[in-house]
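Residue strings, one per chain:
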Amino acid sequence: MSDIVHRSQQEVDVVTFIPALRAYAWTLTRSPQDVDDLVQETLMKAIANIHRFQRGTNLRAWLMTIMRNSFFNNIAKRRREQTGGADCVSGLAWVNGTQEWSMRGDEATRAILGLPSHYRETLILVVMLGESYETAAQICGVKMGTIKSRVNRARVMVMQELGETESEASGT
């Protein structure tokens, strides 16, 4: 039982060294994100192996040793995990620019915002939010046929504003 009490006291003592561990981690990593990760890794290893700590020795030095070893082991691991060479397919990946799509999206947004409010409301409810015609009719307090008509008219007005024809919009 005294071993359990002693182990709990050591775990409490480990926590008191967190500021010192953070300072030492900063000298090793010089990166705020890496400092937090290294301190966390050190604390996890220390608490998991607290039974290996020998009474009467320097707990702070034991923790710093764990941190230093973890730091250098992580560096060695990163070196072994080199990315592919010049013939690697990952170097060939590319993505088309999105500027044109962004501009078209802005144009579509302006066209929708320029609609009369009753058309804009139904278009947003049905097309953009995915509400059913029936639900949109209940929300707007009109008949379902009115919603269908408004959505169709709104769609045609937006396409005209964007300079699209019926066949271009449908992809045929």
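The coordinates are above.
**Overview of the nonpolar core**
When a protein is soluble and globular, its nonpolar side chains tend to lie buried together.
Thinking step 1. Grouped together as the largest cluster of nonpolar side chains are 19 residues, with contacts concentrated most on Leu21, Val39, Trp62, Leu63 and Met67.
Thinking step 2. Put simply, the parts of the chain that give this core at least two residues each are α2 (18-29), α3 (32-48) and α4 (59-80).
Thinking step 3. Excluding its chain neighbours within four sequence positions, the residues that come into contact with Trp62 are Ala46, Asn49, Ile50 and Phe53.

**So, the packing of helix α6 (residues 117-128) against helix α8 (residues 144-161)**
Thinking step 1. The contact between α6 and α8 brings their axes to 8 Å, and the two run at 100°. By the criterion of interaxial angle, the relationship of α6 to α8 is roughly perpendicular. Between α6 and α8, the contacting residues are His118, Tyr119, Thr122, Leu123, Val126 and Val127 on the first element and Ile147, Arg150, Val151, Arg153, Ala154, Arg155, Met157 and Val158 on the second.

**A short note on the packing of aromatic side chains**
Given two aromatic rings, their pairing is described by the distance between the two centres and the angle made by the two planes.
Thinking step 1. On inspection of all chains with the given rule, the structure shows 2 aromatic pairs.
Thinking step 2. Seen in terms of ring centroids, Phe53 and Trp62 are 5.3 Å apart; in terms of plane orientation they differ by 55°. Their pairing is tilted. One exposure class covers both Phe53 and Trp62, and it is buried.
Thinking step 3. With centroids separated by 5.2 Å and ring planes inclined at 70°, the aromatic side chains of Phe71 and Phe72 adopt a geometry described as edge-to-face.
Thinking step 4. Judged by relative accessible area, Phe71 falls into the buried class, the value being 15%.
Thinking step 5. With relative accessibility at 39%, the residue Phe72 sits in the partly exposed group.

**Some words on the pattern of salt bridges**
Thinking step 1. This structure, assessed with the given rule, holds 4 salt bridges.
Thinking step 2. With a closest N to O distance of 2.4 Å, Arg22 and Asp36 form a salt bridge. Placement of Arg22 in helix α2 and of Asp36 in helix α3 is noted, with a sequence separation of 14 residues between them.
Thinking step 3. Ionic pairing is found between Glu107 and Arg104, a salt bridge with its closest N-O pair at 2.7 Å. One end of the pair, Glu107, and the other, Arg104, are both in helix α5 (residues 99-113), 3 residues apart, so they sit about a helical turn from each other.
Thinking step 4. On the accessibility criterion, Arg104 (29% relative accessible area) is partly exposed.
Thinking step 5. Through salt bridges with shared partners, a single network forms among Arg104, Glu107 and Glu164.

Conventions we followed
- Residues numbered from 1 in each chain as written.
- Predicted model: local features only at pLDDT ≥ 70, side-chain atom pairs only at ≥ 80, totals over all residues.
- Heavy atoms only, no water.
- Core = buried A, V, L, I, M, F, W, Y, C linked by side-chain atoms within 4.5 Å.
- Buried < 20%, exposed > 50% of the residue type's maximum accessible area, 1.4 Å probe, protein only.
- Helix = DSSP H or I, 4+ residues; strand = E, 2+ residues; numbered from the N terminus.
- Contact = heavy atoms within 4.5 Å.
- Axes fitted to C-alpha atoms, helices over the stretch in contact; angles between N-to-C directions.
- Parallel < 35°, antiparallel > 145°, perpendicular 65-115°, else oblique.
- Phe/Tyr/Trp six-rings, centres within 6.5 Å; stacked < 30°, edge-to-face > 60°.
- Salt bridge = Lys/Arg side-chain N within 4 Å of Asp/Glu carboxyl O.

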